[in-house]
Amino acid sequence: MVLNNLNYPLDFKFKITTLASDFNITDRNGNYVAYVRQKMFKLKEDVIVFNDESKSKELFRIKANQWIDFNASYSLTEIATGRNFGRMARKGMRSLWKASYDVLDANDQPKFKIQEDSAWVRFFDGLVGEIPLIGAFTGYFLNPSYTVTGLDGKAYFKLKKMPSFFGRRFQLDRLIDIDDEEESLVILSLLMMTLLERARG
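Residues numbered from 1 in each chain as written. Predicted model: local features only at pLDDT ≥ 70, side-chain atom pairs only at ≥ 80, totals over all residues. Heavy atoms only, no water.

Colleague: Looking at this model, I keep getting lost on the overall build of the chain. Mind explaining?
Modeller: Scanning the chain from terminus to terminus reveals three helices and 12 strands. Here the chain, with 201 residues, has 46% of them falling under the buried criterion. Contacts spanning at least 24 positions in sequence make up 39% of the contacts within the chain whose residues lie at least 6 apart. (Helix = DSSP H or I, 4+ residues; strand = E, 2+ residues; numbered from the N terminus. Buried < 20%, exposed > 50% of the residue type's maximum accessible area, 1.4 Å probe, protein only. Contact = heavy atoms within 4.5 Å.)

Shown next, in the form of structure tokens:
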């Protein structure tokens, strides 16, 4: 598996030189982990995870199950084997106030929850973001964080948006050890969530 035995924290850094939503993932030593590219002009979200920016090897595919994404879920598949890891599902109305997602395994059983830590950060980012000129700098002082918890109530991962212009950078840390397969399931879910939430603060 590619998305385990990783050296945390991981950095997600979006490119600003492309129209597509592309970002690099590197580990604490600056080594490449993956390159994530969201296909443009698709009614349904379609994301490919490559080995690196050369895009010489496709590792994973993340696809939405419907073109209206309000209650969409996103399938997580390993390309080489066709193996289904599971899916991530958005929590509908609750996501309007504070982002919330369920992570389900290949048997469609709930395994984890991804929850935004503060609804107020989202609220003020939406408010200030509408102010001309000032809104462009919200990425420096309004930065949400997200916690991944298991069914046991323990926090396993923390994803934070780091101060940066245009909200270019996120950082993922693992808080406690986790099974390799579940680690891949969570990371793939967080990749998709980052694309969905980036523009929302």
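Colleague: Please clarify how the environment of Glu183 should be interpreted in this entry.
Modeller: Structurally, Glu183 can be placed in helix 3 (residues 180-198). Apart from residues no more than four positions distant in its own chain, Glu183 is found in contact with Leu3, Asn4, Asn5, Leu6, Tyr8, Phe157, Arg174 and Ile178. There is a polar contact of 2.5 Å between the side chain of Glu183 and the side chain of Tyr8. (Polar contact = N/O pair within 3.5 Å; in protein donor to acceptor, adjacent residues only side chain to side chain.)

Colleague: How should I be thinking about the nonpolar core in this particular structure?
Modeller: Here is a general trend for soluble globular proteins: nonpolar side chains tend to be buried in one another's company. Membership of the largest hydrophobic core comes to 45 residues, with the highest contact counts inside it found for Phe12, Ile25, Ile62, Ile114, Leu172, Leu188 and Leu191. For this core, the element with the highest residue contribution is helix 3, accounting for 10 residues. In this structure Leu172 touches Tyr8, Pro9, Leu10, Phe12, Phe157, Lys158, Leu159, Ile187 and Leu190, once residues within four positions along its chain are discounted. (Core = buried A, V, L, I, M, F, W, Y, C linked by side-chain atoms within 4.5 Å.)

Colleague: Help me understand the packing of aromatic side chains in this model?
Modeller: What describes a pair of aromatic rings is the distance from one ring centre to the other and the angle between the planes of the rings. Within the structure shown, the criterion is met by six aromatic pairs. Grouping aromatic residues by their ring pairs yields a cluster made of Phe12, Phe14, Phe23 and Phe170. One residue, Arg83, lies across the ring of Phe85, its end atom 4.8 Å from the ring centre. (Phe/Tyr/Trp six-rings, centres within 6.5 Å; stacked < 30°, edge-to-face > 60°. Lys NZ or Arg CZ within 6 Å of the ring centre and 35° of its normal.)

Colleague: Explanation requested: helix 3 in the structure shown.
Modeller: In an α-helix, one full turn covers 3.6 residues, which means residues spaced three or four apart are oriented alike. Counted at 1.5 Å a residue, the expected span for helix 3 with its 19 residues is 27 Å, and the 26 Å between its end C-alpha atoms agrees. Across the 19 residues of helix 3, 15 count as buried, placing the element largely inside the fold. For helix 3, the N-terminal cap is Asp179; the gap from its side-chain oxygen to the backbone nitrogen of Glu181 is 3.0 Å. (Expected span 1.5 Å × (residues − 1).)

Colleague: How do you make sense of the pairing of strand 2 (residues 22-26) when you look at a structure like this?
Modeller: Put simply, side chains in a regular strand alternate between the two faces of the sheet. Most of strand 2 is tucked away: four of the five residues are buried. In this sheet, strand 3 (residues 32-38) lies alongside strand 2 in antiparallel orientation, the contact comprising five bridges. Bridge pairing links Ile25 to Ala34 in strand 3. Counting the residues between successive antiparallel strands, the hairpin from strand 2 to strand 3 contains five residues, one of them, Gly30, with a positive phi of roughly 85°. (Pairing = 2+ DSSP bridges.)

Colleague: Where do I start with the pairing of strand 12 (residues 169-174) in this structure?
Modeller: Here strand 1 (residues 10-14) pairs with strand 12 via four bridges, running antiparallel. Its bridge partner being in strand 12, Phe12 is matched across the sheet by Phe170. As paired strands, strand 11 (residues 155-161) and strand 12 are joined by five bridges and run antiparallel to one another. By the bridge assignment, Leu159 is partnered in strand 12 with Leu172.

So, to be careful, I would describe these as geometric facts and stop short of saying anything about function.
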